[in-house]
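Geometric and topological summary
Spelled out, the chains give:
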Amino acid sequence: MTIDNRAWEEVLAVIAPEVLNDFYNPLVSGKIILEDKIKDSDTAYQDFITNETHMSRGFLDNLHEHGELDKEIAARGIYKHELGHYLYYPKECSKLMFIGHFAEKQFGEFSKE
């Protein structure tokens, strides 16, 4: 494997429009926020309030260096995964109410997390 010396910001700028195009340009900004460390999981997440994706620099580094993935492949895979949360998230009120009702019964006090 060849080590890619490009900064993650440069890689994300290349892959973001490509991934959005793969998903027929959903109504998200395409902004990927690169963080040094993400609280709790330190991987990546989709923010449903801002519709922005957050990625951990350390997580991407591990995928590239230890997982031996090309930087673009690692970033593209994470971005596609996180956008999938947005794309398949139920947006209709009736579905949200039903899932919320089910979550309360299933998960009790943890249902709001």
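This section reports on the structure supplied with the text.

Scoring rules and cut-offs
Residues numbered from 1 in each chain as written. Predicted model: local features only at pLDDT ≥ 70, side-chain atom pairs only at ≥ 80, totals over all residues. Heavy atoms only, no water. Helix = DSSP H or I, 4+ residues; strand = E, 2+ residues; numbered from the N terminus. Buried < 20%, exposed > 50% of the residue type's maximum accessible area, 1.4 Å probe, protein only. Contact = heavy atoms within 4.5 Å. Areas by Shrake-Rupley, 256 points an atom, 1.4 Å probe, with all protein chains shown as cover. Lys, Arg positive; Asp, Glu negative; His and termini not counted. Charge placed at Lys NZ, Arg CZ, Asp CG, Glu CD. Core = buried A, V, L, I, M, F, W, Y, C linked by side-chain atoms within 4.5 Å. Salt bridge = Lys/Arg side-chain N within 4 Å of Asp/Glu carboxyl O. Polar contact = N/O pair within 3.5 Å; in protein donor to acceptor, adjacent residues only side chain to side chain. Axes fitted to C-alpha atoms, helices over the stretch in contact; angles between N-to-C directions. Parallel < 35°, antiparallel > 145°, perpendicular 65-115°, else oblique. Left-handed = near helix turned anticlockwise from the far one by under 90°. Nonpolar A, V, L, I, M, F, W, Y, C, P; charged D, E, K, R; others polar.

1. Things to note about the overall build of the protein
In terms of helices and strands, the protein carries 4 helices and 3 strands. Reading the protein from its N end, one meets helices and strands in the order α-β-β-β-α-α-α. Residue burial in the protein is summarised as follows: out of 113 residues, 32% are buried. Across the protein, contacts joining residues at least 24 apart in sequence account for 50% of those joining residues at least 6 apart. Of the roughly 7700 Å² that the protein leaves accessible, carbon and sulfur atoms contribute 56%. Here the protein carries 12 positive and 21 negative side-chain charges, and the mean point of each set is 5 Å from the other.

2. Examining the nonpolar core
Ranked by size, the top nonpolar core spans 18 residues in total, and within it L12, I15, I32, M55 and Y79 carry the most contacts. Those elements giving two or more residues to this core turn out to be α1 (8-22), β1 (32-35) and α3 (71-87). Per-element tally for this core: the top contributor is α1, with 7 residues. Setting aside chain neighbours within four positions, we find I32 in contact with L12, I15, A16, T53, M55 and Y79.

3. What to know about the pattern of salt bridges
All told, the structure shown has 8 salt bridges when counted by the stated rule. Salt-bridge contacts for R6 lead to D4; the nearest nitrogen and oxygen are separated by 2.8 Å. The partner of D42 in a salt bridge is K37, and the shortest N-O contact between them spans 3.7 Å. Residue classification places K37 among the exposed positions, given a relative accessible area of 60%.

4. A closer look at the side chain of Q46
Mapped onto the elements of the fold, Q46 is located in strand β2 (residues 44-47). Classification of Q46 as buried rests on a relative accessible area of 6%. A distance of 3.5 Å separates a polar side-chain atom of Q46 from the backbone oxygen of N51. Discounting residues that sit within four places of it in the chain, Q46 has contacts with N51, E52, T53, E82, L83, H85 and Y86.

5. Regarding the packing of helix α2 (residues 57-65) against α3
Between α2 and α3, whose axes approach to 9 Å, the crossing angle comes to 130 degrees. If you check the angle between α2 and α3, you find them oblique. Considering the relative orientation of α2 and α3, their crossing is right-handed. For the pair α2 and α3, contact is made by F59, L60, L63 and H64 and by K71, A74, A75 and I78, respectively. Tallied by class, residues from the contact of α2 with α3 come to 6 nonpolar, 1 polar and 1 charged.

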